[in-house]
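# Report on the structure
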Amino acid sequence: MTKISASGIVGIDLGTTNSAAAVMIGGEPVIIPSEEGLTPYGKMFPSVVAFTDENERLVGELARMHAVENPDRTVSGIKRKMGTSHKVKIGPREYTPQEISAMILQKIKMDAEEYLGTEVEKAVITVPAYFNDNQRIATKEAGRIAGLEVVRLINEPTAASLAYGLDKEKKEELKIAVLDLGAGTFDVTILKLREELFKVISTSGDTQLGGLDMDEKLVEFMLKELEKEYRLDIRRDKKAMQKLRSATERAKIDLSTASSTNIGISFPFVELGLNQNMNLDLSREEMEELIKPVIQRLDEPINQALEDAKLAPEHIDKVVLVGGPTRMPVVREKIERFFGKEAERGIDPMECVAKGAAIQAGVLAGEIDDVLLLDVIPLSLGIETSGGIFTPIMERNTTIPVDESEIFTTSKDNQMRMAIHVLQGERAMAADNTTLGLFSFDDIPVAPKRTPLIDVAFDIDADGILNVSAEDLDTSKRREIRIEGSTKLSEEEIGGMIKKAKRHEKEDKKRRESIETLNQAKAIIDAAELAIKEMYEDEGVNEQGKGEVKKGVLQLKEGMKGEVEGDIDIQKIKKDAEELKRIMQKMLIDKGEGEE
Ligand code: ADP
Ligand code: MG
């Protein structure tokens with residue numbers, strides 16, 4: 001048995017299809033093997049949970065193998081559901097994504113304890129850079145359920161960069177592109193490293209692109225071969241298809257190192273009393289040709305991330321490859337050609353995230369000289385305000401930890417409650433963004449509209465977890481958010497959000513302006529009507545002035561009739577509102593109350 005570091009904090013890459021764990025031993029990150037030893041990919045923990053017919057729970061490699069026999073009672077890809085209200089139903093029981101993830105973490109914890117010969121109670125867990133609050137909270141919760149204190153969540157691309165020691169580079173500023181091609185997702189992150197601080201400049205990706213798409217192309221080819229050579233159609237035979245899939249994937253993996261491979265599968269057709277064996281040679285070249293359409297799809301997200309970062313490929317100093325499929329020469333070559341430089345090498349791309357997490361764990365345990373980690377929020381955070389507008393409180397790419405606040409007021413007389421609708425996204429209208437939580441602030445004292453001052457504060461900690469509070473500045477009554485609504489955001493949506501916002505930029509801007517104009521016009525009308533009331537009691541104001549204000553109010557109201565967009569002339573309202581404001585200001589100046 002090896003002697004371990006004093007900290008015992010493990011680093012865990014909780015992946016969509018595979019997870020990995022590492023720990024610092026003698027100042028180096030070392031991968032913790034699973035009890036089953038090697039999987040077809042290496043020392044991984046497949047992120048799979050299965051329940052046998054006897055309701056015995058299997059996790060990891062055993063569960064993955066079980067999938068072939070019993071796909072209906074096997075859960076995989078749970079990471080895609082983290083932070084959603086999705087439930088997994090198996091037999092009479094329902095599980096949350098956190099609970100399923102916790103089973104994977106528990107397995108890792110157990111195997112790590114076995115391997116290290118000590119208790120493992122703390123972990124650093126990695127998450128994709130684009131993970132939102134709900135997804136991060138769910139990940140922490142999974143840790144807690146598994147009996148692990150999650151001392152820090154760090155972004156996967158940051159962890160991968162740490163594994164390569166990029167934080168130790170001598171250059172003043174380093175721009176790093178991390179390309180993570182997994183089984184079903186492709187994540188691109190552009191990082192900036194400056195004075196040992198990592199900052200995410202942009203993220204992009206394709207949530208439906210990865211090794212599985214390659215498998216799909218190869219399976220298609222195999223099915224055709226089966227029909228041609230053996231007159232066999234197994235499409236409707238679930239088990240046979242599973243068998244074909246795993247044999248095909250194995251062949252693909254072989255071809256990362258071998259130039260050709262043999263695929264041999266025996267399909268038992270028990271019902272027909274038939275056995276059929278398939279045998280086929282496949283060369284790397286043939287395979288690369290078959291998966292070409294998948295490889296071509298890598299371009300778009302990379303281009304998008306660079307565009308968002310306002311960088312060209314030649315501005316990137318370091319290219320880091322993460323994920324199983326980047327072990328393939330064709331993938332590596334493609335990316336190296338794109339950037340015109342060699343990618344970092346020397347660490348297994350399926351291990352580097354876990355190793356980086358272990359390094360961060362070492363830092364937190366005080367074993368390694370401090371590396372400060374800095375990340376940013378991937379999407380803007382804010383609340384819904386009058387007219388359904390999304391009012392950001394924190395802009396996208398703000399560095400965390402951070403707290404910011406803004407003061408809001410009521411829009412109705414004697415309004416005692418205010419709905420605080422917390423959202424995330426880049427669109428102008430609240431409805432086009434994603435709800436993170438909703439709560440009611442009920443402690444507003446009775447007062448005319450627009451007089452209470454409610455301070456809404458957003459606070460994000462180092463793990464990227466958000467707390468929202470509302471406080472009445474007059475009474476100091478305060479309420480912290482209880483996020484009641486569960487998220488409606490799926491991983492797929494996040495990826496497309498920024499792109500969508502861009503596409504709708506113009507119309508969004510117009511709409512926001514319209515509603516803001518209407519809101520302002522309403523506020524001016526309120527102020528003018530109040531002024532008129534006061535003016536009648538105030539003999540000092542000339543009659544002409546009163547008449548002008550009244551006329552202005554009428555004109556503005558007339559223009560706003562209907563209030564349906566397209567129905568009204570926003571430019572005219574804007575003009576009328578400004579005119580009314582001017583008249584009122586003039587009158588106040590005449591009265592000696594003006595501020596100008
Ligand atoms: P995820 O991050 O989604 O969990 P991984 O990084 O674990 O994904 O990658 C899993 C994928 O990598 C699978 O599709 C698997 O087929 C593929 N893979 C693993 N090793 C190799 C290899 N040597 N060559 C090609 N593909 C591989
Ligand atoms: Mg991964």
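### Some points on the site of ligand 1
Surrounding ligand 1, one finds 18 residues, the nearest of these being Thr17, Asn18, Glu249, Lys252 and Ser256. The side chain of Lys252 places a nitrogen or oxygen atom 2.7 Å from an oxygen atom of ligand 1. At a separation of 3.0 Å, an oxygen atom of ligand 1 approaches a polar backbone atom of Gly324. For ligand 1, whose accessible area on its own is 570 Å², the fraction buried by protein is 93%.

### Digging into the sheet that holds strand β12 (residues 173-181)
Spatially, four strands are ordered β14-β13-β12-β17 in an open sheet, and the strand pairing comes out mixed. The sheet is open, and its two edges are formed by β14 (197-206) and β17 (318-322), each paired on a single side. Direction aside, neighbouring strands of the sheet carry axes that sit 20° apart on average. Pairing geometry for β12 and β17, over five bridges, is parallel. By the bridge assignment for β17, Leu179 is matched with Leu321.

### A look at the pairing of strand β24 (residues 434-441)
In terms of residue burial, β24 counts as a mostly covered element, since six of its eight residues are buried. Two elements, strand β23 (residues 418-424) and β24, share seven bridges in a ladder whose sense is antiparallel. For Ala419, the partnering residue across the bridge sits in β24 and is Ser440.

### Some thoughts on a nonpolar patch on the surface
Together, Ile407, Leu453 and Leu473 make up a nonpolar patch on the protein surface, roughly 250 Å² of accessible area in all. Relative to the assigned elements, Leu473 resides in the loop between β26 (466-472) and β27 (478-480). On the basis of relative accessible area, Leu473 is assigned to the partly exposed category, the value being 38%.

### Some points on the packing of helix α4 (residues 156-163) against helix α11 (residues 352-364)
With their axes 7 Å apart at the nearest point, α4 and α11 run at an angle of 80° to one another. Between α4 and α11, the angle falls in the class roughly perpendicular. Of the residues in α11, those in contact with Glu156, Ala159, Ala160, Leu162 and Ala163 of α4 are Cys352, Val353, Lys355, Gly356, Ala357, Ile359 and Gln360. A class-by-class count of the residues in the contact of α4 with α11 yields eight nonpolar, two polar and two charged.

### Describing the layout of surface pockets
If a probe the size of a water molecule is rolled over the atoms, the empty space left behind becomes visible. By volume, the second largest pocket is sized at about 810 Å³. If you trace the second largest pocket, you find 26 residues lining it, with Thr385, Ser386, Thr409, Ser411 and Asn519 closest to the centre. Elements represented by at least two residues in the lining of the second largest pocket include exactly β19 (381-385), β20 (389-394), β22 (402-408), β23 and α13 (505-537). When residues of the lining of the second largest pocket are assigned to their parent elements, the largest contribution, five residues, is made by α13. Formed jointly, the lining of the second largest pocket draws a minimum of three residues from each of two domains, domain 3 (381-482) and domain 4 (498-595).

About the thresholds
- Residues numbered from 1 in each chain as written.
- Chains lettered and ligands numbered in written order.
- Predicted model: local features only at pLDDT ≥ 70, side-chain atom pairs only at ≥ 80, totals over all residues.
- Heavy atoms only, no water.
- Near = heavy atom within 4 Å.
- Polar contact = N/O pair within 3.5 Å; in protein donor to acceptor, adjacent residues only side chain to side chain.
- Areas by Shrake-Rupley, 256 points an atom, 1.4 Å probe, with all protein chains shown as cover.
- Pairing = 2+ DSSP bridges.
- Helix = DSSP H or I, 4+ residues; strand = E, 2+ residues; numbered from the N terminus.
- Axes fitted to C-alpha atoms, helices over the stretch in contact; angles between N-to-C directions.
- Buried < 20%, exposed > 50% of the residue type's maximum accessible area, 1.4 Å probe, protein only.
- Patch = residues over 30% accessible without salt bridge, like charges linked within 9 Å, V, L, I, M, F, W, Y side chains within 5 Å.
- Salt bridge = Lys/Arg side-chain N within 4 Å of Asp/Glu carboxyl O.
- Parallel < 35°, antiparallel > 145°, perpendicular 65-115°, else oblique.
- Contact = heavy atoms within 4.5 Å.
- Nonpolar A, V, L, I, M, F, W, Y, C, P; charged D, E, K, R; others polar.
- 1 Å grid on protein atoms, 1.4 Å probe; cavity = no way out; pocket = protein on both sides within 12 Å on 5 of 7 lines; lining within 4 Å.
- Points joined across faces, edges and corners; volume = space filled by probe spheres on them.
- Domains from an automatic or database assignment.

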